[in-house]
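# Structural description and commentary
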Amino acid sequence: MALDPDEYTADELGEELETLDDVDELQTVLEAEQAGKDRKTAREAIHRRLEALGEAGEAEGLEGDTETEGEYEETKEDVGDEAEGEEVEKVDEGDEDAGADDESAAEGEEEDDGLSHPTRDKKHVRALDGGEYADMWVFCETQQGELLEVSREMLGKARELMDQFEEDYGSEERVVAFLMGDDCEDLAEKCIAYGADVAVYHDDTRLERFLHKPYTEIAAHMARGQGTVESTDWREYDEPRYVLFPATNNGRDLSAKVQAELDSGLASDCSDLYIEENEVSNPVKTGEPGVKKTFEKVLHMKRPDFSGFEYSTILCLDNPGRDFHPQGASIIPGSFDPIEPDYDREGLVIEHDMELEDDWFRVEITEHDQLEAGIDLAGHEVIVCLGRGIADDPTRGMELGLELVGAFEDAELGITRGIVTSAYQFEGHVEEYSKEERQIGETGQVVAPDLYIAAGVSGAVQHKVGMDESDTIVAINTDSDARIRDFSDYYIEGDLFEVLPRLTAAVESGETRLEAVADGSGGDQQ
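So, here is what we can say about the structure in this document. What you are looking at is a predicted structure, and each value in this text was computed from that prediction instead of being measured.

### As for the sheet that holds strand β15 (residues 411-415)
- If you walk across this open sheet you meet the five strands as β15-β14-β16-β17-β18, and the pairing is parallel. Every interior strand has two partners, whereas the edge strands, β15 and β18 (490-493), have only one. Ignoring strand direction, the axes of neighbouring strands in this sheet form an average angle of 15°.
- Both strand β14 (residues 382-386) and strand β16 (residues 451-455) contribute to a ladder of five bridges, which runs parallel. Bridging from a neighbouring strand, Val382 pairs with Leu451 of β16.
- Along the sheet face, helix α14 (residues 496-509) touches β14, β16, β17 (472-477) and β18 and points at about 135° away from the line of β17.

### Notes on the pattern of salt bridges
- Per the counting criterion, the structure on display carries 24 salt bridges.
- Linking Arg206 and Asp358 is a salt bridge whose minimum nitrogen-to-oxygen distance equals 3.3 Å. Of this pair, Arg206 sits in the loop between β6 (198-203) and α7 (212-223) while Asp358 sits in the loop between β13 (348-351) and β14, and the two are 152 residues apart along the sequence.
- Across the pair Glu412 and Arg438 runs a salt bridge whose closest N-O atoms are separated by 2.9 Å.

### Details of the side chain of Arg235
- With respect to the secondary-structure elements, Arg235 resides in the loop between α8 (229-232) and β7 (239-246).
- An unpaired buried charge is present at Arg235: no salt bridge exists, and Asp238, the closest side chain of opposite charge, is 6.8 Å distant.
- Looking at Arg235, its side chain comes within polar contact range of the main-chain oxygen of Ala223, at 2.9 Å.
- Residues contacting Arg235, with those up to four places away along its chain left out, are Trp137, Arg174, Met222, Ala223, Arg224 and Gly225.

### What about helix α9 (residues 249-261)?
- For α9, built from 13 residues, the straight-helix expectation of 18 Å at 1.5 Å per residue is met to within 8% by its first-to-last C-alpha distance of 19 Å.
- Taken together, the buried positions of α9 are occupied by Gly251, Leu254, Ser255, Val258 and Gln259. Taken down its axis, α9 places every buried residue within 120° of arc, on the same side. Exposed and facing more than 90 degrees away from the buried side of α9 are Asn249 and Ala260.
- Packing partners of the buried residues in α9 comprise β2 (133-139), α7, β7, β8 (266-270) and β12 (327-331).

About the thresholds
- Residue positions are given per chain, counted from 1 along the sequence in the order it is written.
- With pLDDT at 70 or above as the cut-off, local features in this predicted model cover only qualifying residues; side-chain atom pairs require 80 or more to be listed or tallied, and sums for whole chains, interfaces and linings still use all residues.
- The side-chain quantities take in all heavy atoms of the structure and omit both hydrogens and water.
- One bridge is not enough; two strands pair if DSSP finds at least two bridges between them.
- Runs of H or I in DSSP of at least four residues are treated as helices and runs of E of at least two as strands, each being numbered from the N terminus.
- Between N-to-C directions, angles span 0 to 180 degrees; the directions come from axes that are lines fitted to C-alpha atoms, helices contributing only their stretch in contact.
- Between two residues, a contact is recorded if the distance between any of their heavy atoms is within 4.5 Å.
- Each salt bridge in this description consists of a side-chain nitrogen of Lys or Arg and a carboxyl oxygen of Asp or Glu lying within 4 Å of one another.
- Only protein chains enter the accessibility calculation, which uses a 1.4 Å probe; a residue whose area is less than 20% of its type maximum is buried, one above 50% is exposed, and one in between is partly exposed.
- Two residue types count as positive, namely Lys and Arg, and two as negative, namely Asp and Glu; His and chain ends fall outside the count.
- Here a polar contact means two N or O atoms within 3.5 Å. Within protein one must be a hydrogen donor candidate and the other an acceptor candidate, and residues neighboring in sequence count only if both atoms are side-chain atoms.
- The span you would expect from a helix comes to 1.5 Å times its residue count less one.
- By arc we mean the arc of the directions from the helix axis to the C-beta atoms, nothing more.

Right under this line is the structure:
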């Protein structure tokens, strides 16, 4: 072999790889790296060089950037006999070197005093290989005995996806709601009305409030189909094909823990989903450079990237010899519309059976205070958002925004972080509208109304993340170069103190036609 990767640091190896143009030689270097130091950064550098030579790369035809979960995970099973859960692939008994390596590793662990490896007692559960997967599962979060709105939204989207799934693939798979709490059977039945075919619930008085450990253990237990025959005989597969969680504080927490427990991937904070096949040539996914492989029934999970101006499509694809299921996503509240509930709709309601360990409830809530209900901006048809453009007369600017809100039947007032962090002096009752609870953006609320009116808003990326899914965006600003112009449907160049009263009068009179005086290509506007 012309190039021994063990003789170079990862950075040095990256430079040396630029001199190699032979794919077979690069593959040999990759195998040597895996058999030697097995550094992730080094493997990535080799894969990048393979891609540069045209032998691997990302799949074509995806919107925005495309990522795949577990891209550089090795497929060789190495967890040994102590791993709990699914059965792992056995190492060939004839591989004496592998056996020797395992024995050496085991001897090294026995000699270890444990101080240098504080997590050595943890057992890694590998994903299945060639398992059976079906259905789309939806975690339906509850609060104070009610389903959260986002739970109903996800059920509606899941219903739409699985109806289309049956049409596309000719096989019927179900929407499965899963939830847990205190006295939640009625909520499980409500999930059926909102689109679920099956609702699996776990009742326990100790589950009234979200707790990390028991919620994770129960969810993973449900997903694996563990429990009594009575609670599991409705299904015949190993794990769900897909799973959705709400991108709430509790949902984000649970989604990460459950997907880690099931050894799969997670796309966080998604705003759109669709299911299609996908052809890839990445050798980590195909098993061989230069070979293309088509993955069917892939959940495409779209999310705004960190700039807020583009979207990435995340895929969770299997490796050769290792499956990544469920394909998981957390969903931004307000991204989808719930379906109209049908309380005559038939479905299975299953009570999950599992023994909960007392140790999972070591943390006990002895007292709590009920906070006043905050302002929920999601779900309104119209949002009027005010930004720093009110600086010349903050009180008057806030009053004008409220007057416009009042002209609509279902509208609410939002503000940007610029107002929250400003030192503006508000007089009278309008001061209560300047609080953080009305903030829209990355660190505030996420909304997707039919109409979003942004007055005096510059369009910072953090704000865009919070409102970009709005159906129609109307921006009012004196600055023709304001960033918000780039993603508005209508842009009114003008002073909000002059435009808002005229817009309010137009809404009240029913005459709200907007006449474009420019084509949006950068020419003059009035």
